[in-house]
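Chains, contacts and geometry: an overview
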Amino acid sequence: LEPAIETLEFPEPSLVVTQDYIDFLAKNFRLSHNGHHGLEHWLRVLNNGRLLAKENGADIQVVEHFALVHDISRINENYDAHHGEQAAKFVNSFSKWLNLDEHQLYLLTEACKYHSAGRIIPNVTIQTCWDADRLDLGRVGIKPKAGYLGTPLARDKKFLEEAYTRSKMCFVQEGFSDE
């Protein structure tokens, strides 16, 4: 008897999160969608980012784009020092399609460039992006530490525990059956 796997429901569509956009990004992702940096990671970062932004007022469009593109240019699942810079270049290559103003595009590219540098900064939107990603470290067996998170909700002990639990969960579509 196999243990039951806890599941999450797919995030709701939004102005940013559309099936066409997800399909476009999936086609441009070089690694396995089942790996540590694949689609399920994107969606958990999206969930984390939405929860944080709802609380702290971060720019939700930037946060949602970040969740879906921050690892888009990775070349391997392990150490990839330049994947953030490459993600920012990728974003700039199709920026007209994103429907972001100049400031939002700047925030998105900065968030992508430096998301794995371990920084904490005062910009709530960029920090929300980084915290949303860091809160998903449980997928690789690392429990996030509050000292590496910059937003108050992300540092909250209960929220941190909930995010850690989510980081080990899979997604299912409502009504999906494998029978």
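Now for a look at the structure at hand. The model shown is predicted, which means the values in this text are computed figures rather than measured ones.

1. Details of the side chain of His 65
Secondary-structure assignment places His 65 in helix 3 (residues 60-69). Residues in contact with His 65, not counting those within four places in the same chain, are Val 16, Tyr 21, Leu 98, Leu 100 and Leu 108.

2. Focus: helix 3
With 8 of 10 residues buried, helix 3 lies mostly within the body of the structure. Check the buried side of helix 3 and you find it contacts helix 1 (19-28), helix 2 (39-56), helix 4 (83-93), helix 5 (102-114) and helix 6 (124-134). Between the side-chain oxygen at the start of helix 3 and the backbone nitrogen of Gln 61 there is a gap of 3.0 Å, and the oxygen is on Asp 59.

3. A look at the side chain of His 41
Relative to the helices and strands, His 41 is located in helix 2. On the basis of relative accessibility, which here comes to 1%, the residue His 41 falls in the buried class. Of note is the side chain of His 41, whose polar atom sits 3.0 Å from the side chain of Asp 133. Beyond its immediate stretch of four places on either side in the chain, His 41 contacts His 36, His 70, Asp 71, Asp 133, Asp 136 and Arg 139.

Conventions used here
- Within any chain, residue numbers begin from 1 and follow the written order of that chain's sequence.
- With pLDDT at 70 or above as the cut-off, local features in this predicted model cover only qualifying residues; side-chain atom pairs require 80 or more to be listed or tallied, and sums for whole chains, interfaces and linings still use all residues.
- Computation of side-chain values covers all heavy atoms of the structure but excludes hydrogens and water.
- Runs of H or I in DSSP of at least four residues are treated as helices and runs of E of at least two as strands, each being numbered from the N terminus.
- Here, residues are in contact when the closest pair of their heavy atoms is within 4.5 Å.
- Summary of the burial criterion: residues with accessible area below 20% of their type's maximum are buried, those above 50% are exposed, and those between are partly exposed, where the area comes from a 1.4 Å probe applied to protein chains only.
- Any pair of N or O atoms that falls within 3.5 Å is considered a polar contact. Within protein, one atom must be able to donate a hydrogen and the other to accept it, and sequence-neighbouring residues count only if both atoms are side-chain atoms.

Purely geometric numbers; function is a separate question.
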